[in-house]
Amino acid sequence: MSNLLQIHNLTKYYVKQVGWLKQQRICALDAVSFTVRQGETVAIIGETGSGKSTLIKLIAGIDTPHAGSIALNGTLLKPYDYKSRCQQIRMIFQDGLASLDPQRNIGQQLLEPLRFNTDWPLAKQHQHVLATLERVGLLAEHFDFYPHMLASGQLARVCIARAILLNPLVIVADEALSALDPSIRAQIINLLIDLKKEMGVSFIFSSHSPELVRHLADKILVLHHGKMLEFDTTVTLITKPKQPLTQALLHMENLRKSV
Ligand SMILES: Nc1ncnc2c1ncn2[C@@H]1O[C@H](COP(=O)(O)OP(=O)(O)OP(=O)(O)O)[C@@H](O)[C@H]1O
């Protein structure tokens, strides 16, 4: 496996209003550096407010860093170059229903990335959407469904379909599976594992679930107050964590309770 994504000194501040006149600068991410290999799955864990969502948003290009860089296959990603970034790095959103347009059917919403990012004729775009629906375990007839007509597991599958449509190199997900009930969640995890094997895509996700992290991740990155506390293979961090926090986060039933 070769290095695909190189994150170097990624830093992000937020300014928070405290009272009427005072502002407080929060360092949400503090010089975080790590690399992700092709086909690798990396889980980002940490207490609430440790910077997980910030890191995911910066990788996806939804937000811009104050310092540091992200390189994909050796090429630096420019913060506002959404067109090339969205072809190579796609995001699975946490709330399937909220991330879809209620006014347009699933097919129209899946055709959109193809319309903007390919020069394929409409018939080929249509065919690709149908094939992708099938690939994520949905039916051709779901093309005509509106988001409110789908159950939560089906919505999660639509979000995954939207993420894989353009055959990206990296998929990122921020707590994407947390809202699903356990049996649906298990099905979606299996789908992600199958797709990962099939496509060789790298997958970076944040999660509060130690079970999910242990099951899915090849490597784990532990964040604490915006700093990278540890980054190593899942086996190493489970068996020989250097930090007590890593041990606590990976062995508690619910990471949120560790705060
Ligand atoms: N838009 C914002 N404005 C101000 N502060 C923010 C903003 N977004 C995040 N923060 C702050 O940045 C820090 C990191 O937040 P972030 O959401 O990345 O943490 P997280 O680890 O994803 O938390 P959680 O597990 O609760 O989702 C927190 O202190 C948070 O309050």
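This is a predicted model, so every value here is computed, not measured.

Conventions adopted
Residues numbered from 1 in each chain as written. Predicted model: local features only at pLDDT ≥ 70, side-chain atom pairs only at ≥ 80, totals over all residues. Helix = DSSP H or I, 4+ residues; strand = E, 2+ residues; numbered from the N terminus. Rg over C-alpha atoms; globule rule 2.2 N^0.38 Å. Buried ≥ 20, exposed ≤ 12 C-beta atoms within 10 Å, placed from the backbone. Contact = placed C-beta atoms within 7 Å. Pairing = 2+ DSSP bridges. UniProt positions renumbered as here; feature names shortened; annotations may be inferred.

Visitor: Explain the overall build of the chain to me, and be specific about the residues and the numbers.
Guide: If you tally the helices and strands in the chain, you get 10 helices and 10 strands. Compactness check: the chain gives a C-alpha radius of gyration of 19 Å against a globular reference of 18 Å for 259 residues, within 12% of the reference. Every one of the 259 residues in the chain was classed for burial, and the buried ones make up 35%. The contacts in the chain between residues at least 6 apart in sequence include a share of 68% that link residues at least 24 apart.

Visitor: Go over helix α1 (residues 52–60), please, and point to the residues and values.
Guide: By the criterion of burial, α1 is predominantly enclosed, with 7 of the 9 residues buried. Those residues of α1 that sit buried are K52, T54, L55, I56, L58, I59 and A60. One or two steps after α1, the chain reaches G61, where phi turns positive at roughly 85°.

Visitor: Report on unusual backbone geometry, specifying residues and quantitative values.
Guide: A positive phi is found at N73, a non-glycine position, where the angle reads about 50°. With respect to the helices and strands, the residue N73 is situated in the loop between β4 (67–72) and β5 (75–76). Not every positive phi belongs to a glycine, and E175 is a case in point at roughly 50°.

Visitor: Describe the sheet that holds strand β1 (residues 3–18), listing the residues and the values that go with them.
Guide: Ordered by their spatial adjacency, 4 strands build an open sheet running β2-β1-β4-β5, and the pairing between neighbours is antiparallel. In the strand order of this sheet, the two ends are held by β2 (22–37) and β5, each with one partner. Where β4 lies against β5, 2 bridges are found, and the strand directions are antiparallel. When the bridges of β5 are listed, L72 appears paired with T75.

Visitor: A description of the UniProt feature "domain: ABC transporter" (unreviewed entry) in the chain should follow, citing residues and the corresponding values.
Guide: In the UniProt entry, the feature "domain: ABC transporter" (unreviewed entry) is given for residues 5–250. The span residues 5–250 carries 39% helix and 29% strand; its end-to-end C-alpha distance comes to 25 Å.

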